[in-house]
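Breakdown of the fold
Each chain is listed here by its residues.
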Amino acid sequence: VGIVKMVKGDAGTVVALKTALGKNVFGGVSQRDINWSLATYDVNTLKLTKTDAPKIVYGLTQVNLETIEHFNGKLRLIATQPDPETGKLHFIQQILEPRSLTGKGAQLFHEMPFDELNKPADYYQPHMAVGFGSLVSQDSSMLMLQLTPDLTTRSAGCPIHAMVFDKTMKLKWQRSL
């Protein structure tokens, strides 16, 4: 079992994003094979309190989990969904309650044209995460989604890209190298 990331859940929990394959990155790995799950632990005892693999549903095509993050007081699953018809990568979030690992339906919060990363459309596979990770600013007012070679198994030729979102998940800034 690999732990990809651990984040604060609520006042008494932490939530881990785990994979059965022992992988510590999602980028370039088939979502069919990665077998990911979330696990909630009590902060004081580190006792496992809940394990689940919530389904992220948005539209009719496959949604690929990228990362989890605690931002603006909420536990968020961050996912992508390539849309070859429009040539855009959809960024989707699903907000979960950390103790039950249940939540409301997924929501689109950003669309990025495929060519923003200077990659052809076939770079964005329907069942494969791109490899975005996340960081929260020190004052917790901004969330950065980043793509670096360290976050994907397809590191050769991987672009370095960052996008910063405010508390309402509106894009404030983005750059690629």
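Note that the structure is predicted; figures quoted are calculated from it, not measured. The numbers attached to residues start from 1 for each chain and follow its sequence in the written order. Only residues with pLDDT of at least 70 get local features here, since the model is predicted, and only at 80 or more are side-chain atom pairs given and counted; chain-wide, interface and lining totals rely on the full set of residues. By convention in this description, side-chain values take in all heavy atoms of the structure and omit both hydrogens and water.

Attention now moves to the pairing of strand E4 (residues 48-52). Each pair of strands is called paired provided DSSP finds at least two bridges between the two strands. What counts as a helix is a DSSP run of H or I of at least four residues, what counts as a strand is a run of E of at least two, and both are numbered from the N terminus. Both strand E3 (residues 36-42) and E4 contribute to a ladder of four bridges, which runs antiparallel. Counterpart to Thr40 in the pairing with E4 is Lys50. Taken together, E3 and the strand that follows it, E4, pair antiparallel across an intervening segment of five residues, in which Leu46 is found at a positive phi of about 55°.

Before going further, it helps to examine the nonpolar core. Counting 20 residues, the largest nonpolar core has Trp36, Leu38, Ile56 and Leu77 as the members making the most contacts within it. If you list the elements that add at least two residues to this core, you get strand E2 (13-19), E3, strand E5 (64-71), strand E6 (74-83) and strand E7 (88-97). Ranked by residue count, the leading element in this core is E6, at three residues. We call two residues in contact whenever any of their non-hydrogen atoms come within 4.5 Å of each other. Every residue in contact with Ile56, bar those within four places of it in the chain, is listed here: Val63, Leu65, Leu77, Ala79, Ile92, Gln94 and Ala106. Grouped together as the second largest cluster of nonpolar side chains are 19 residues, Leu89, Phe109, Leu117 and Val130 included. Here the nonpolar core consists of buried residues drawn from Ala, Val, Leu, Ile, Met, Phe, Trp, Tyr and Cys, with membership extended through side-chain atoms lying within 4.5 Å. Any residue under 20% of the maximum accessible area for its type is buried, any over 50% is exposed, and the rest in between are partly exposed; the area is computed with a 1.4 Å probe on protein chains only.

Once that is clear, we can look at the pattern of salt bridges. Salt bridges are defined as contacts in which a side-chain nitrogen from Lys or Arg sits within 4 Å of a carboxyl oxygen from Asp or Glu. One pass over the structure, following the stated rule, counts three salt bridges. One salt bridge connects Lys5 with Glu69, and the closest N-O pair in it is separated by 2.5 Å. With Lys5 in strand E1 (residues 2-10) and Glu69 in strand E5, this residue pair connects regions lying 64 residues apart in the sequence. A relative accessible area of 8% means that Glu69 is categorised as buried.

Across the sheet, which stays open at both edges, the four strands sit in the order E1-E2-E3-E4 with antiparallel pairing between neighbours. Every other strand in the sheet has two partners, leaving E1 and E4 as the edge strands with one partner each. Strand-to-strand, the axes of this sheet are offset by a mean angle of 20°, without reference to chain direction. Where E2 meets E3, seven bridges bridge the pair, whose relative direction is antiparallel. Only C-alpha atoms enter the line fits that serve as axes; for helices the fit covers just the stretch in contact. Angles between N-to-C directions range over 0 to 180 degrees.

Spatially, the four strands line up as an open sheet ordered E10-E11-E12-E13, and their pairing is antiparallel. Edge positions in the sheet fall to strand E10 (133-136) and strand E13 (171-176), since each has one partner strand and no second. Each strand axis lies, on average, 15° off the axis of its neighbour in the sheet, ignoring direction. Pairing analysis gives four bridges linking E10 to strand E11 (residues 143-147), with the strands arranged antiparallel. Within the sheet, the bridge partner assigned to Ser134 lies in E11 and is Leu145.

Function-wise, these values are silent; they only describe arrangement.
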